[in-house]
Amino acid sequence: MNIYREVDRLLHYGLKQKLISVWDLDYVRNSLLELFELEDYKPSDFNGESLDSPVPILENMLIYLADRDILPEDSITYRDMYDTKIMDRLIPKPKEIVREFYQKYQTVNPKEATNYFYQLSKASNYIRTNRIAKNIHWYSPTVYGDLEITINLSKPEKDPKAIAAAKSNTSISYPKCLLCKENVGYPGRLDHPARHSHRIIPLELEDERWYLQYSPYVYYNEHAIVFSRDHRPMKISRAGFDRLLHFVEQFPHYFIGSNADLPIVGGSILSHDHFQAGHHEFPMAKAPIEETFRFNQYPDVTCGIVNWPMSVLRLQGENRAEVSELAEKILNKWRSYSDESVGIYSESDGKSHNTVTPIARKNKGIFELDMVLRNNRTSDMHPYGIFHPHQEVHHIKKENIGLIEVMGLAVLPGRLEEEMDILSDYLRNGLWAQAERDERTSKHVAWAKQFINSSAEMEGKNIRELMNKEIGKTFSIVLEHAGVFKKAKEGNKAFRRFMNQI
């Protein structure tokens with residue numbers, strides 16, 4: 001391999017993607033030579049190409065580093081450490097990115113600013129577009145509209161040494177978590193990902209310092225994370241509603257939402273206050289209001305029950321302070337609300353169970369705040385959660401229902417891709433008994449029998465396509481399980497009883 005040619009290729013890529021300018025060439029080239037432990041430079045015969053991603057170049061560079069033992073070990077963990085170190089040589093310094101972002105924000109518009117930062121995050125390979133492309137995505141029609149389904153194949157398997165390092169590390173607590181601002185430029189270690197190429201944008205939300213970044217593994221368009229400067233626990237509150245609405249006031253083309261602040265119904269990181277945002281219209285945002293309520297104290301704010309499998313209230317108004325104030329009133333009532341007739345208890349054994357998952361957006365100039373009512377109580381029958389996917393759907397989804405799923409995008413485990421392929425082969429050939437014996441497919445057989453009676457019936461039909469549709473229907477059942485007021489008559493009556501007590 002001619003490493004000098006790969007250096008020339010990367011410099012050309014950086015110029016084309018506007019990561020660097022011609023005035024940076026010598027500086028960046030020399031910093032790359034230092035990284036590859038080279039004291040000399042020999043111009044190559046490279047004369048240009050068109051690439052959307054630096055990955056083909058980085059793969060060759062990592063082979064070079066591994067062959068010369070510069071890479072401590074040729075594992076996914078070390079490769080990710082070094083490819084971010086390589087790309088960091090091409091990425092502008094934080095202050096330059098912040099300056100460019102706000103120059104576009106102030107002289108053009110917020111959309112131009114976020115587009116600049118998103119494109120830079122992809123061009124720098126901070127957003128792992130080559131891995132994300134492996135994900136499988138489709139829309140599935142249900143009684144609640146078309147739900148989005150994603151089978152997550154993008155995240156690499158955990159390196160065994162990284163797992164061991166994480167278990168043994170009890171002394172290093174810097175950065176405190178994966179969201180802390182101190183991750184910017186962090187070199188990484190076996191139990192903490194490298195963030196050489198990580199950049200963040202400072203924001204002000206209700207007189208507090210927050211930051212905007214993009215997720216390295218986006219699940220939807222411009223999947224952003226907005227996080228507090230301070231490492232403090234998640235907390236659903238009036239202050240949080242104010243920040244969500246202030247954000248969409250500043251970035252009206254984005255939605256923003258928060259995971260709930262309790263285990264089971266919350267997100268994977270409850271230790272650091274943060275939101276998720278993006279430029280994407282989720283199925284729940286398209287769902288209509290089925291019944292409207294008015295409150296005398298808030299004549300200019302509309303509140304309605306959304307036609308959705310979970311229990312959702314949508315607040316709409318031109319004044320964000322009024323919307324937030326009514327949201328606080330609803331939250332306070334829900335925190336202490338119990339209804340034995342539908343199995344809702346606000347607390348047990350001194351532990352609170354009720355909270356909400358809030359989502360804000362601007363819709364035709366109007367502030368919208370969706371409040372999804374949540375309860376994290378468990379029982380002997382439902383040890384993972386009463387308002388959580390039940391046992392009969394665990395073969396498709398057993399993980400927590402977080403913000404993204406609440407809004408109608410299922411993030412399903414990668415195992416499903418292989419399991420559904422194998423199952424479709426069995427069913428196409430009428431091999432039901434074999435499907436029941438195979439541990440990869442046995443858990444799906446009872447489900448498949450509900451919509452496939454015989455292989456003859458499926459002749460000439462696409463079994464996998466039918467399975468995808470049924471996965472979508474199952475996801476709607478998953479969301480119904482997570483709803484505190486069920487869609488049946490008694491649940492609807494109970495929901496209205498709650499509304500009448502606000």
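Remember, predicted model here, so these are calculated numbers, not experimental data. Here the residue index of a chain counts from 1 through its sequence in written order. Totals for whole chains, interfaces and linings use every residue, but because this is a predicted model, local features are given only for residues with pLDDT of at least 70 and side-chain atom pairs only at 80 or more, for both listing and counting. Hydrogens are left out, water is left out, and the side-chain values use all remaining heavy atoms of the structure.

Asker: Please explain the packing of aromatic side chains as it appears in this structure.
Answerer: The relation between two aromatic rings is expressed through the spacing of the ring centres and the mutual angle of the planes. The rule is short: rings of Phe, Tyr and Trp, with Trp giving its six-membered ring, pair when the centres are within 6.5 Å, and they are stacked under 30 degrees, edge-to-face over 60, tilted in between. Overall, the coordinates contain 24 aromatic pairs when judged by the stated rule. On the basis of an interplanar angle of 85° and a centroid distance of 6.3 Å, the ring pair of phenylalanine 101 and phenylalanine 117 is categorised as edge-to-face. Remark: phenylalanine 117 occurs in helix α6 (residues 110-123) and phenylalanine 101 occurs in helix α5 (residues 94-107); sequence separation between them is 16 residues. Geometrically, the ring pair formed by phenylalanine 485 and phenylalanine 495 is stacked, given 4.8 Å between the ring centres and 15° between the ring planes. Residue phenylalanine 485 is located in the loop between α16 (463-482) and α17 (489-500), and its partner phenylalanine 495 is located in helix α17; the two are separated by 10 residues in the primary sequence. Each residue is placed in one exposure class: buried if its accessible area under a 1.4 Å probe, protein chains only, is under 20% of its type's maximum, exposed if it is over 50%, and partly exposed if it falls in between. Phenylalanine 495 sits in the buried class, given a relative accessible area of 4%. Three or more aromatic residues joined by ring pairs make a cluster, and in this case those are Phe101, Tyr102, Tyr105, Phe117, Tyr118, Tyr214, Phe247, Phe251 and Tyr254. Geometrically, a lysine NZ or arginine CZ counts as sitting over a ring once it is within 6 Å of the ring centre and also within 35 degrees of the ring normal. Taking the ring centre of tyrosine 82 as reference, the NZ or CZ of lysine 85 above it sits at 4.4 Å. Stacked on the ring of phenylalanine 367, the Lys or Arg lysine 362 has its end atom at 4.6 Å from the ring centre. Helix and strand definitions here come from DSSP, where helices need a minimum of 4 consecutive H or I residues and strands a minimum of 2 consecutive E residues; each element is numbered from the N-terminal end.

Asker: Where do I start with α17 in this structure?
Answerer: With 12 residues, α17 should cover 16 Å at 1.5 Å per step; its first-to-last C-alpha distance of 17 Å lies within 8% of that length. Within α17, burial applies to Gly491, Ala494, Phe495, Phe498 and Met499. Buried residues of α17 fall within an arc of 145° about the axis and therefore sit on the same side. Opposite the buried face of α17, at more than 90 degrees from it, the exposed residues are Lys489 and Asn500. Along its buried surface, α17 packs onto β8 (289-295), β9 (298-306), β10 (312-317), α11 (320-335) and β14 (366-375). The length a helix should cover is 1.5 Å for every residue beyond the first. Comment: arc refers to directions from the helix axis out to C-beta atoms. The contact criterion used is simple: two residues touch if any of their non-hydrogen atoms lie within 4.5 Å.

Asker: Help me understand the environment of glutamate 206, please; the structure alone is not making it clear to me.
Answerer: By the secondary structure assignment, glutamate 206 is in the loop between β3 (201-205) and β4 (208-214). Considering only alpha carbons, one finds glutamate 206 and asparagine 500, 294 residues apart in sequence, at a separation of 32 Å. Those residues in contact with glutamate 206 that lie beyond four places of it in its chain are Asp242, Arg243, His246 and Arg320. A distance of 2.9 Å separates the side chain of glutamate 206 from the side chain of arginine 320, its partner in a polar contact. Residues adjacent in sequence count toward polar contacts only when both atoms are side-chain atoms; beyond that, a polar contact is any pair of N or O atoms within 3.5 Å, and within protein one must be able to donate a hydrogen and the other to accept it.

Asker: Explanation requested: the sheet that holds strand β2 (residues 145-151) in the structure shown.
Answerer: Working definition: the strands of a sheet are paired by backbone hydrogen bonds and lie parallel or antiparallel to each other. Pairing between strands is defined by DSSP: at least two bridges between the two strands are required. As summarised here, the arrangement of the 3 strands in space is β1-β2-β15, forming an open sheet in which the pairing is mixed. Both outer strands of the open sheet, β1 (136-142) and β15 (409-412), are each paired with one neighbouring strand and no more. If you compare each strand with its neighbour and ignore which way they point, the axes differ by 25° on average. Both β2 and β15 contribute to a ladder of 4 bridges, which runs parallel. Bridging across to β15, isoleucine 151 finds its partner in leucine 412. Strands β1, β2 and β15 of the sheet are contacted by α16, whose axis makes an angle of about 65° with β1. Orientation is described by axes fitted as lines to C-alpha atoms, over the contacting stretch for helices, and by angles from 0 to 180 degrees between their N-to-C directions.

Asker: Please explain the packing of helix α1 (residues 3-16) against helix α3 (residues 55-67) as it appears in this structure.
Answerer: Axes are the key here: two packed helices are described by the angle between their axes and the distance separating the axes. At their nearest, the axes of α1 and α3 sit 10 Å apart, and the two run at 150° to each other. On the basis of their axis angle, the class for α1 and α3 is roughly antiparallel. By crossing handedness, the relation of α1 to α3 is classed as left-handed. Facing α1, whose interface residues are Ile3, Glu6, Val7, Arg9, Leu10 and Tyr13, α3 presents Pro56, Ile57, Asn60, Met61 and Tyr64. Note on angle classes: values under 35 degrees are labelled roughly parallel, values over 145 roughly antiparallel, values of 65 to 115 roughly perpendicular, and the remainder oblique. Here a crossing is taken to be left-handed if its near helix is turned anticlockwise relative to the far helix by less than a right angle, and right-handed if that turn runs clockwise.

Asker: What should I look at first to understand the sheet that holds strand β13 (residues 354-363) in this one?
Answerer: Reading across from one edge, β3-β4-β5-β7-β6-β13-β14-β10-β9-β8 is the order of the 10 strands in this open sheet, with antiparallel pairing throughout. Edge positions in the open sheet fall to β3 and β8, since each of these has one partner strand only. This sheet shows a mean twist of 25° between the axes of neighbouring strands, independent of strand direction. Where β8 and β9 come together, 5 bridges link them in antiparallel fashion. Across the sheet, residue phenylalanine 293 finds its bridge partner in β9, namely cysteine 303. Strands β3, β4, β5 (224-228), β6 (255-257), β7 (274-278), β13 and β14 of the sheet are contacted by helix α9 (residues 238-250), whose axis makes an angle of about 20° with β13. Contacts from α17 reach β8, β9, β10 and β14 within the one sheet, and its direction differs from that of β8 by about 20°.

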